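Architecture at a glance
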Amino acid sequence: MTTRPSRLPLDRGSNAPSINTFGGLSHFLRGAVADEESRQLSESLAQLAVHIEAIVAALRLNRQRSIVAPQLVDLLTVRRGHRQLVVNLGLPWRGLYEYAMYLQALNNFRVLIGQWLLEGGPASRELMLGAEDFELIAWRTLGDGTLLIDMYEQWLSRDPAEPPASALGELREPQVQRAVAWWKKLRL
């Protein structure tokens, strides 16, 4: 199976993706269009990135609950709509390993935002949340979404004449028998 090179811009020295701001990610996602579902998911992910970037900027200035908490609640609303879009994606998306992982990341992000809002209680003036902690979780979540889009687009660009890649066909019989026995033990 031939794999397509990543569409992410790469750093020449490290050969790693060079997007390092939420704005850069948002710009990249606007150009990630393989089909209508991909376009919608990219736009929705870009909308999440815009809200996240505003929260990171607010947290860097101060952690006042009266300023940052409403932004976090707005982010929860945007995240809910984005998650609904992800849940309604077609069957090809659901077959990807990254699909379930991204849904889990979105759910974990929601739980963490709720915890951050509750920490210290509503009477506290400041959130116990720092910009670095929020940014770390936000990047992970957005990265999982970007990976889902990239993997879907690679799946679309595969050669349909090629059989799906599977290491199982390359295993010798004793290895296959051990794998089947292991799987049966798991199911008990």
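The structure reproduced in this document is the subject of the present report. Computed from a prediction, not measured in an experiment: that's the story for all the values here.

A word on the pattern of salt bridges
In total, this model carries four salt bridges according to the counting rule given. The salt bridge partner of R39 is E43, with a shortest N-O separation of 2.7 Å. Linking R39 with E43, this pair stays in helix 2 (residues 36-61), spanning four residues, or about one helical turn. What emerges from the salt-bridge pattern is a single network uniting E36, R39 and E43.

Details of the packing of aromatic side chains
Working definition: an aromatic ring pair is given by the centre-to-centre distance plus the angle between the planes. Counted by the stated rule, this structure contains four aromatic pairs. Ring geometry for F109 against F134: centres 6.0 Å apart, planes inclined by 35°, an arrangement best described as tilted. Taken together, the positions of F109 in helix 5 (residues 97-118) and F134 in helix 6 (residues 131-156) put the pair 25 residues apart, joining distant regions of the chain. On the basis of relative accessibility, which here comes to 1%, the residue F109 falls in the buried class. We classify F134 as buried; its relative accessible area is 0%. Taken together, the ring pairs in this structure connect W93, Y152 and W155 into an aromatic cluster.

What counts as what
- Throughout, residues of each chain are indexed from 1 in the direction in which the sequence is written.
- At least 70 in pLDDT is required for a residue's local features to be given in this predicted model, at least 80 for side-chain atom pairs to be given and counted, and no such filter applies to totals for whole chains, interfaces and linings, which use all residues.
- Side-chain measures were taken over the full set of non-hydrogen atoms in the model, leaving aside hydrogen atoms and water.
- Salt bridge, as used here: a side-chain nitrogen of Lys or Arg that lies within 4 Å of a carboxyl oxygen of Asp or Glu.
- Each helix is a run of DSSP H or I of at least 4 residues and each strand a run of E of at least 2, with the numbering of both proceeding from the N terminus.
- Two rings from Phe, Tyr or Trp (for Trp, the six-membered ring) form a pair when their centres sit within 6.5 Å of each other. Planes less than 30 degrees apart are called stacked, planes more than 60 degrees apart edge-to-face, and all others tilted.
- Exposure categories follow from relative accessible area, calculated using a 1.4 Å probe and restricted to protein chains: below 20% of the type maximum is buried, above 50% is exposed, and the middle band is partly exposed.

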